Amino acid sequence: MIRWWISALQLAELFVSSMVHLLYGFYIFSTAVAGDLSQALNEWFIKPNANIEVKREDPSGTNVDALPPIVLVHGIFGFGKGRLGGLSYFAGAEKKDERVLVPDLGSLTSIYDRARELFYYLKGGQVDYGEEHSKACGHSQFGRIYEQGHYPEWDEDHPIHFVGHSAGAQVVRVLQQMLADKAFKGYESTSENWVLSITSLSGAFNGTTRTYLDGMQPEDGRMMKPICLLQLCRLGVIIYDWLDIPWLKAYYNFGFDHFSTSWKKMGLWGLVDCLLGNAGPFATGDWILPDLTIQGSIRQNCHLQTFPNTFYFSYATKRTRKILGVTVPSGILGIHPLLFIRVLQMSQWRHPPDVSPPYKGYRDEDWQDNDGALNMISMTHPRLPIEHPSHFVVNDSECLPLQPGIWLVLLISNKLTCSRYQ
């Protein structure tokens, strides 16, 4: 009887969680549509009389156009410039300066695939995912074509500043490693020095326990539970891509076009095969959630370095505090109810006692501080399986002079003040 009650509660939680996420998704989509309609009406009825050219000058006399561009890389379910109409993932940063670039990468594609896409977005050409990787994951070797790169002169003499949010920070790290390994065919001169700096905003360096709460199996971090939120997400994405409605996919795209899951290419039986888990990105594991588990992050971090000539900055956030030794959400006021629930869930996460821990020395209490999406221990700097050089900053003066090859970490608590990680 007790098991039946527990199962009923879990199903009720799944239903409520899925409905809340679905409604939130519709809210974002409808907001984008409403914004586009409003802008179109304004342009129709109120036409500008003249084009005003703004000349960019810097008081210090610096040639602004000669400064390195800043590339902002979005996280999971994110989008770049041109998607969702007039909405901006980075609060309009790309509208303030033409040197700020916001690429539209696959919102659910694997970190590896997104890193490959980011390279060709900047240099131009057709995205090449690599022959070996493509065969192993069951998708086309080649993807989107960029007729003109957004920064084709990119090289060691013209490096770039990268800013990555959430999973976007790990995407940039993988890209830098690919540059160091000269992993792009036809570009034998790449190096890690093409990256001037990496700034992480709540970066997913070491995975997150959120993945297990949403449905990833804690045993290996690769498979999903039979009934979970991620399974519902999987079904929705498969159907969305199979329908392949042009105007809808132009508005928002999950990024799985290289898997050829459209009805035009796979037909009805192909859809059934994907829904049953026999084909597609969810069958081969070439999507982003396995990369965001603790085990998946460790597998990636084994091959990633912190390079001596690159500047690294990290901003870590949390929405928790300790009361009588118990980690709880920092408060109810000023926080979205959905986020409050997610923070509470993550703060109470316990790794199953009958399952081997993801790494030697794992402790549940180390993973309790979180912001509802990521654990703070994961955001500070790469630390699994090997801890990379880092310095936790309390005063800005500690950062000067800036030193490359070390992660400068700024911890941002609920009141946007710095504090050392406990």
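None of these values were measured; they are calculated from a predicted model. The numbering scheme is per chain: residues are counted from 1 as the chain's sequence reads. With the structure being a predicted model, the display of local features is reserved for residues of pLDDT at least 70 and the display and counting of side-chain atom pairs for 80 or more, all residues being used for whole-chain, interface and lining totals. Side-chain numbers here rest on the full set of heavy atoms in the structure, without hydrogens or water.

Side-chain rings of Phe, Tyr and Trp (the six-membered ring for Trp) are treated as a pair once their centres are within 6.5 Å; stacked means planes under 30 degrees apart, edge-to-face means over 60, and tilted covers the remaining angles. Summed over all chains, the structure comprises 21 aromatic pairs. The interplanar angle of 65 degrees and the centroid separation of 5.1 Å between the aromatic rings of Trp 154 and Trp 194 together place this pair among those described as edge-to-face. Residue Trp 154 is located in the loop between β4 (142–146) and β5 (160–165), and its partner Trp 194 is located in the loop between α4 (167–180) and β6 (195–201); the two are separated by 40 residues in the primary sequence. Throughout, exposure labels follow a simple rule: accessible area from a 1.4 Å probe, protein chains only, divided by the maximum for the residue type, with under 20% read as buried, over 50% as exposed, and the rest as partly exposed. Classification of Trp 194 by relative accessible area gives buried; the value is 2%. Following the ring pairs from residue to residue traces out a cluster consisting of Phe 119, Tyr 120, Trp 154, Phe 162, Phe 184, Tyr 187 and Trp 194. Think of it this way: any DSSP run of H or I at least four residues long counts as a helix, any run of E at least two long counts as a strand, and we number them from the N terminus.

Let us look at the packing of helix α2 (residues 111–123) against α4. Angular values range over 0 to 180 degrees, each being the angle between N-to-C directions of two axes fitted as lines to C-alpha atoms, with helices fitted over their stretch in contact. Where α2 contacts α4, the two axes come as close as 8 Å, and the packing angle between them is 65 degrees. Viewed along their axes, α2 and α4 adopt a mutual orientation that is roughly perpendicular. α4 is crossed by α2, and the crossing has right-handed handedness. Contacts between α2 and α4 involve Ile 111, Tyr 112, Arg 114, Ala 115, Arg 116, Leu 118 and Phe 119 from the first element and Ala 167, Gln 170, Val 171, Val 174, Leu 175, Met 178 and Leu 179 from the second. Within the contact of α2 with α4, the residues separate by chemical class into 11 nonpolar, 1 polar and 2 charged. The scheme is simple: roughly parallel for angles under 35 degrees, roughly antiparallel for over 145, roughly perpendicular for 65 to 115, oblique for anything else. Note: crossing handedness is left-handed where the near helix turns anticlockwise from the far helix by less than a right angle, and right-handed where it turns clockwise. Whether two residues touch is decided by their heavy atoms; if any such pair falls within 4.5 Å, the residues are in contact. Here the nonpolar group is Ala, Val, Leu, Ile, Met, Phe, Trp, Tyr, Cys and Pro; Asp, Glu, Lys and Arg are the charged ones; every other residue, Gly included, is treated as polar.

Each patch is assembled from residues with relative accessible area greater than 30% and no salt bridge, linking like charges that lie within 9 Å and nonpolar side chains (Val, Leu, Ile, Met, Phe, Trp, Tyr) that lie within 5 Å. Here the accessible surface of atoms and residues is derived via Shrake-Rupley with a 1.4 Å probe, and residues count as covered only by protein chains that are part of the display. By definition here, a salt bridge exists when the distance from a side-chain nitrogen of Lys or Arg to a carboxyl oxygen of Asp or Glu is within 4 Å. A grouping of Phe 15, Val 16, Met 19, Val 20, Leu 22, Leu 23 and Phe 26 is seen on the molecular surface, where their side chains present a nonpolar patch of about 670 Å² in accessible area. Relative to the helices and strands, Leu 23 is located in helix α1 (residues 2–45).

Strands were regarded as paired on the criterion that DSSP finds at least two bridges between them. Spatial ordering of the open sheet is given by β2-β1-β5-β6-β7-β11-β10, a layout of 7 strands whose pairing is parallel. Each end of this open sheet is capped by a strand with a single partner; those strands are β2 (100–101) and β10 (390–392). Two strands pair when backbone bridges link them, and β10 and strand β11 (residues 407–412) are joined in this way by 3 bridges, in the parallel orientation. When the bridges of β11 are listed, Ser 390 appears paired with Trp 407. This element, α2, spans β1 (70–73), β2 and β5 of the sheet and lies at about 150 degrees to β1. Together, β1, β5, β6, β7 (311–317) and β11 form the strand contacts of α4, whose direction differs from that of β5 by roughly 140 degrees.

In this analysis, the expected span of each helix is defined as 1.5 Å times one less than the number of residues it contains. Here α4 is 14 residues long and its end C-alpha atoms lie 20 Å apart, about the 20 Å a rise of 1.5 Å per residue gives. Phi turns positive, to about 55 degrees, at Lys 182, one or two residues after α4.

With that out of the way, let us pick up the pattern of salt bridges. Applying the stated rule across the entire model yields 10 salt bridges. Ionic pairing is found between Asp 244 and Lys 249, a salt bridge with its closest N-O pair at 3.8 Å. No difference in accessibility class separates Asp 244 from Lys 249, as the two residues are buried. A salt bridge links Asp 257 to Lys 249, with the nearest nitrogen and oxygen atoms 2.7 Å apart. Overall, the relative accessible area of 44% leaves Asp 257 in the partly exposed class.

Our next topic: the pairing of β7. Side chains of β7 alternate between two faces, with Tyr 312, Ser 314 and Ala 316 buried and Phe 311, Phe 313, Tyr 315 and Thr 317 left unburied. Note that β6 and β7 share 5 bridges and pair parallel. Along β7, the bridge assignment pairs Thr 199 with Phe 313.

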